[in-house]
Amino acid sequence: MLPRSLHHAASWALLLAVLFGTGCSKQKDAFLNRTYHRLTSRDNGWFNANEKLKEVVRGMEDAHVDNYDEVLPLFIYGTEDQARNATPDLEKCIDKCSLVIERHSMDIEGKERNKWIDDAWFVIAKSQFYKGNFYEAERGFTYISRRFKDGDRRLQALEWQARTAIQLEQFAKAQSALDLVKDEKKLPKDFDHASQSAVQADMELKRGKVDDAIIHLERAVDLTKDRRSRVRWAFILAQLYQVKGFEEKAIAQFGKVVRMNPPYEMAFHAQIMQALAFNKGDSKTLRQKLNRMLRDDKHIDHFDMIHYALADLDLKERKKEDAIAHLLTSAKVSTTDTKQKAKTFLKLADIQFDDRIYALAQKYYDSTATLLNEEHLRFEEVTTRARVLGDLVEQLGIIAREDSLQALAQLDEGELEKKINSIIRDREREEEEKKRLEEEARALGDAAPGGPVTPTPPAAGGRGNWYFYDPQQIGRGLAQFRKRWGNRPLEDNWRRKDKSGSALAEGFDEEGEEGEEGEEGGKEDKEAEWKDPAFYMKDLPRDEADVLASNARVCEALYVSGMIYKEQLKDVDNATESFEVLNNRFEECRYTPESYYQLYRIYLEKEQGGWFSLEGIGSQTYADIILERWPDSEFARLVRDPNILQADEQRKREEEEAYRGIYQQFRQYSYIPVVNACDVVLREEPRNHFRPKYHILKAMALGGLRDMGNYRSTLNELRSTYPGTDEAKAADEMLAALDKAAGGTVPPRAEGSSASYTMGNGPHFYVVVVPNKDNDLNTIKAAIADFGRAYLPSETFQITNNFLDAEHQLVLVDRLADKAAALNYHMLFTGNTDVLSDLNSKGFSSFVITPENYTALFRTKDLIGYQAFFAEKYLEAQ
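Residues numbered from 1 in each chain as written. Predicted model: local features only at pLDDT ≥ 70, side-chain atom pairs only at ≥ 80, totals over all residues. Heavy atoms only, no water.

Section: the overall build of the protein
Each helix and strand counted, the protein has 37 helices and six strands in total. Burial statistics for the protein: of 878 residues in total, 42% are counted as buried. Long-range pairs, those at least 24 residues apart, make up 64% of the contacts in the protein with a sequence separation of at least 6. Looking at the protein as shown, the accessible area adds up to about 48400 Å², and 51% of this sits on carbon and sulfur atoms. (Helix = DSSP H or I, 4+ residues; strand = E, 2+ residues; numbered from the N terminus. Buried < 20%, exposed > 50% of the residue type's maximum accessible area, 1.4 Å probe, protein only. Contact = heavy atoms within 4.5 Å. Areas by Shrake-Rupley, 256 points an atom, 1.4 Å probe, with all protein chains shown as cover.)

This is the structure in structure tokens:
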């Protein structure tokens, strides 16, 4: 018989087993059942998942680098890359909470008796949100708000439902969710009113309603108890004041942010933005603050930004020379922040451009373009101005060079020798000064702080991964790299770039690196060349033929520069000067009629705007000259009937439409019809506005047909017929590539890759060649499937994809009954403008191919060869 003590222990064990056995039931609404499932839900699954979710979110927030050139985001949700990196952890959160719901949900008579189930659903929905699966997240939050009407998470779910709708730009749906919260008669004591106001402000900002956003954000800043949120929202509120032009409010609000003891970067930018927000009054206090900051070495990496702010104050107070000095200093002391250096060069470029000092403006725009992020709002404008001004500076350089050579040619031998020696001495002084500046820049770069960065250890409870495998650490490192260097491609020697023709090359090379191997020898050769007096004498125009050739170059450069001023820079004053210099300098040259006509057009447009000349010079002056000297010219015809220009514009639109049609044929590899069509236009339409484009299109079609002789001759004809045009520049580049490759313009095939393709009338595949980079194969295949269902509903196609090489995939439509059906599919496919509008706009190569030829293509990778075969045997034959 058991002792009494053991008997009692056994009884209690049996009782506990019975209790836990009955407690495991999810269908019995008893205290013990509820307690068991609630405790197990909270402690075993939900708690761990929620902590992991908080860790992931904090990691995204810590890795985020703010762009202070824009209004900061109110909430940080992470980037697509961060979402991908965090997906494994977020999937664990989803799995844990799904298991909690599966094992511990107590749905009894339509009511959930386990109060932690809505918390589990909330973690699942938030995990989907941070994964970027917004539609799944929306379904989750909607389910919580409807299913758990008495639950603790209902109001939070509605708020996050609004956040999700905002991300999806479904603003009406977001407002409906927020209104449900506002209409709640009784809110919990711990309800976060600040968060709700911030979400409302976020939506108003996304909708462009800044005034409404300010009202809600002011309330959020006042109500929030979270210090981190208060500091961030207060800074954004100051930015919004600045956007709306409330300068005094913005300056005061930035001052409040500084007193909140924010992180260093935010505190620094708040002080800088106080200066940038200044618009009127006395700037003395702000200048004193900025100058004090310059004396504090902890700001050394931001000295460039401080000088930029001082320059901004100077410009607002019309102290342009002081502003330029501060901007030059800003560029010189820049250490790590390439975004700020881009802003500095851009401001310098704009100042010089507005003052029409185009040579300097070109250098600064060119430097800006090398540093500016491609997503910047002004990136296209900056690159265009750099290119246009580069073309202008080139033409002005031609004029200066030819004038100098002609002037030197007029000197006798003694004077010529003295003049050349003087030029060489001036060049030597310039080179010495340039060398001194480079040494100063190099010394500054060597002295700049750039020691090794100690990796940030994982936070408590973190993954414990090795540093270089930790996605959050990688995110932080990438953000810091982009802040310093911008978006650079992943390649060897990524820090090297050609800086010729930019301000970076002239005293602001932040790296001070030596050139590539062999560069030093070339430099010495050039130095020896410019130090030799014979260098300056070899191109002197010695006879009448040389002088005529020199004058022809000046004439062309004057006309081209005048057209750049007039058409691209809209600077009619400089355009007028260029054309008048041409006319006064040359009695008759290649561009004299055009020059007079351009002056006629300039004065005619002025007169139509109400302008008149006190000196009696106007459009009629130049009209009379044109009618007298070139009565049978096109220019005389336009002068006699200015209304022709309106008809000419209509004709131009029609010609553009026709050109687009032929260009579309070129994209479909119909090279022979393209060449024929271009020949017709060039032969029969001498006044076609698109003749240069037809020239280059014909050349590219000849290149596609591998007719390299005619390809080269057409490019040469284009270059000589239309000098100074974009098409002529493209021809120069193509010819240079031909010369460099020594006949290797066609991309080489792999060794032994030559294939013999054969015609067939049986079944065919349809193939679309898709580059791997920046293309979603699933989206493309879905679009092709939709196209098939819409336009060939009676047919059934299988759509697959295979890698052709490391850079391309082939999307295969299998299969088309015969050659005729395949060509019909090709015609429908390439001409489609609704289902396939996005796909066709990308210009992907597509063609029909027999199974046998597809096997040969896949084996040899001879894509260009098959495209030529397809163009000749299928399209031309058709």
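Read on for the rest.
Some remarks on the sheet that holds strand β4 (residues 798-803)
Within a sheet, neighbouring strands are paired by backbone hydrogen bonds and run either parallel or antiparallel to one another. Taking strand neighbours across the sheet as the criterion, the four strands line up as β4-β5-β3-β6 in an open arrangement whose pairing is antiparallel. In this open sheet, the two strands that pair with only one neighbour each are β4 and β6 (846-849). Strand-to-strand twist in this sheet, taken as the mean axis angle between neighbours without regard to direction, amounts to 25°. One ladder, built from six bridges, connects β4 with strand β5 (residues 808-816); its direction is antiparallel. Bridged to Gln798 within β5 is Asp814. Relative to the sheet, helix α34 (residues 819-831) contacts β3 (764-771), β5 and β6, its axis offset from that of β3 by approximately 35°. Against the sheet, helix α36 (residues 851-860) contacts β3, β4, β5 and β6, and its axis sits at roughly 120° relative to β6. (Pairing = 2+ DSSP bridges. Axes fitted to C-alpha atoms, helices over the stretch in contact; angles between N-to-C directions.)

Examining the packing of helix α8 (residues 193-206) against helix α9 (residues 210-223)
A pair of packed helices is characterised by two quantities: the angle between their axes and the separation of those axes. Look at α8 against α9: their axes get within 8 Å of each other, and the N-to-C directions meet at 160°. Overall, the two elements α8 and α9 adopt an arrangement that is roughly antiparallel. Note that α8 runs across α9; the crossing there is left-handed. Of the residues in α9, those touching α8 at His193, Ala194, Ser197, Ala198, Gln200, Ala201, Glu204 and Leu205 are Asp212, Ala213, His216, Leu217, Arg219, Ala220 and Leu223. (Parallel < 35°, antiparallel > 145°, perpendicular 65-115°, else oblique. Left-handed = near helix turned anticlockwise from the far one by under 90°.)

Overview of the pattern of salt bridges
Enumeration according to the criterion identifies 51 salt bridges in this entry. Here Asp312 and Lys316 are joined by a salt bridge, their closest N and O atoms 2.8 Å apart. With Asp312 and Lys316 both in helix α14 (residues 303-316), this residue pair falls four residues apart, about one helical turn. Relative accessible area serves as the criterion here: at 12%, Asp312 is assigned to the buried category. The partly exposed category is assigned to Lys316, whose relative accessible area is 30%. One salt-bridge network, in which partners are shared between bridges, spans Arg287, Asp314, Glu317 and Lys319. (Salt bridge = Lys/Arg side-chain N within 4 Å of Asp/Glu carboxyl O.)

Focus: the state of the cysteines
Under the definition given, this model contains one disulfide. The residue that forms a disulfide with Cys555 is Cys589, at a sulfur-sulfur distance of 2.0 Å. Handedness here is read from the sign of the S-S torsion; for Cys555 and Cys589, about 60°, the answer is right-handed. Here Cys589 lies in the loop between α24 (572-585) and α25 (592-608) and Cys555 lies in helix α23 (residues 544-568), a separation of 34 residues in the sequence. There is no split in this pair, since Cys555 and Cys589 are both buried. Take Cys97: it sits in no disulfide, and the sulfur closest to it among the cysteines is that of Cys93, at 7.0 Å. (Disulfide = S-S within 2.5 Å.)

Section: helix α10 (residues 227-243)
The terminal C-alpha atoms of α10 lie 24 Å apart, and with 17 residues this matches the ideal 24 Å at 1.5 Å per residue to within 8%. Listing the buried residues of α10 in full gives Val231, Arg232, Trp233, Ala234, Phe235, Ile236, Leu237, Ala238, Gln239, Leu240 and Tyr241. Here the buried face of α10 lies against α8, α9, α11 (247-259) and α12 (264-277). Immediately downstream of α10, the backbone of Gly245 shows phi near 85°, a positive value. (Expected span 1.5 Å × (residues − 1).)

Thoughts on a negative patch on the surface
Negative charge collects at one region of the surface, where Asp152, Asp190, Asp192 and Asp226 lie side by side. Tracing the backbone shows Asp226 in the loop between α9 and α10. Here Asp226 falls in the partly exposed class, since its relative accessible area comes to 40%. (Patch = residues over 30% accessible without salt bridge, like charges linked within 9 Å, V, L, I, M, F, W, Y side chains within 5 Å. Lys, Arg positive; Asp, Glu negative; His and termini not counted. Charge placed at Lys NZ, Arg CZ, Asp CG, Glu CD.)

Considerations on the side chain of Asp314
Inspection of the secondary structure assignment puts Asp314 in helix α14. Overall, the relative accessible area of 2% leaves Asp314 in the buried class. Among residues more than four places away in sequence, those in contact with Asp314 are Arg287, Lys319, Asp322, Ala323 and His326.

Description of the environment of Asp118
Within the secondary structure layout, Asp118 lies in helix α4 (residues 117-131). Under the relative-accessibility criterion, Asp118 is labelled buried at 3%. Residues Asp118 and Arg153, spaced 35 residues apart in sequence, show a C-alpha to C-alpha distance of 6.4 Å. At a separation of 3.5 Å, a polar atom in the side chain of Asp118 contacts the main-chain amide nitrogen of Arg153. (Polar contact = N/O pair within 3.5 Å; in protein donor to acceptor, adjacent residues only side chain to side chain.)

Description of the packing of aromatic side chains
Inspection of every chain in the model, using the stated rule, returns 49 aromatic pairs. Ring geometry for Phe75 versus Trp233: centroids 6.1 Å apart, planes at 80°, classification edge-to-face. Separated by 158 residues along the polypeptide, Phe75 in the loop between α2 (31-63) and α3 (80-104) and Trp233 in helix α10 bring together distant segments of the chain. Just as Phe75 is buried, Trp233 falls in that class too. With a centroid separation of 6.1 Å and 25° between ring planes, the pair formed by Tyr663 and Phe666 is classed as stacked. With Tyr663 and Phe666 both in helix α28 (residues 644-667) and three residues apart, this pair spans about one turn of that helix. A residue is classified by how much of its surface remains accessible, and Tyr663, at 34% relative accessible area, is partly exposed. Chaining the aromatic ring pairs together yields one cluster made of Phe75, Tyr77, Phe122, Phe129, Tyr130, Phe134, Phe141, Trp160 and Trp233. Positioned over the ring face of Phe75 is Arg163, at 4.1 Å from the centre of the ring. (Phe/Tyr/Trp six-rings, centres within 6.5 Å; stacked < 30°, edge-to-face > 60°. Lys NZ or Arg CZ within 6 Å of the ring centre and 35° of its normal.)

Things to note about the nonpolar core
If you look at the biggest cluster of nonpolar residues, it comprises 69 residues, and the most contacted ones within it are Tyr130, Leu217, Trp233 and Phe235. At nine residues, α10 tops the list of elements feeding residues into this core. When neighbours within four sequence positions are excluded, Tyr130 is seen to be in contact with Leu53, Val57, Met60, Ile76, Tyr77, Ala83, Leu90 and Trp160. Listed in part, the 57 residues of the second largest apolar core include Ile351, Ala361, Val382 and Met563. (Core = buried A, V, L, I, M, F, W, Y, C linked by side-chain atoms within 4.5 Å.)

Examining the packing of α23 against α25
Orientation of α23 relative to α25, taken along the N-to-C sense of each, is 20°, at an axis distance of 11 Å. Comparing their axes, α25 and α23 come out roughly parallel. In this structure, α23 crosses over α25, and the sense of that crossing is left-handed. On the side of α23, the interface is formed by Tyr559, Met563 and Lys566, while α25 contributes Glu594, Ser595, Gln598 and Ile602. Split into classes, the residues belonging to the contact of α23 with α25 amount to three nonpolar, two polar and two charged. (Nonpolar A, V, L, I, M, F, W, Y, C, P; charged D, E, K, R; others polar.)

Section: the pairing of β6
Residues Ser846 and Val848 line one face of β6 and the alternating positions Phe847 and Ile849 line the opposite face, and both faces are buried. Looking at chain direction, β3 and β6 are connected through four bridges and run antiparallel. Across the sheet, residue Val767 finds its bridge partner in β6, namely Phe847.

Things to note about the confidence of the model for the protein
Here the protein averages 80 in pLDDT, while 82% of its residues score no lower than 70. The model gives residues 447-476 a pLDDT under 50, and that stretch makes 30 contacts with residues more than four places away or in other chains. Counting interchain partners and residues more than four positions distant, the pLDDT-below-50 stretch residues 742-754 has 16 contacts. (pLDDT = per-residue confidence, 0-100.)

Focus: the pairing of β3
Most of β3 sits out of view: seven of its eight residues are buried. Relative to β5, β3 runs antiparallel, the two sharing seven bridges. Looking at the pairing, Tyr766 lines up with Val813 of β5.

Some details on α36
Among the residues of α36, Pro851, Asn853, Tyr854, Ala856, Leu857 and Thr860 are the ones counted as buried. Directly after α36, the chain includes Lys861, whose backbone phi takes a positive value near 60°.

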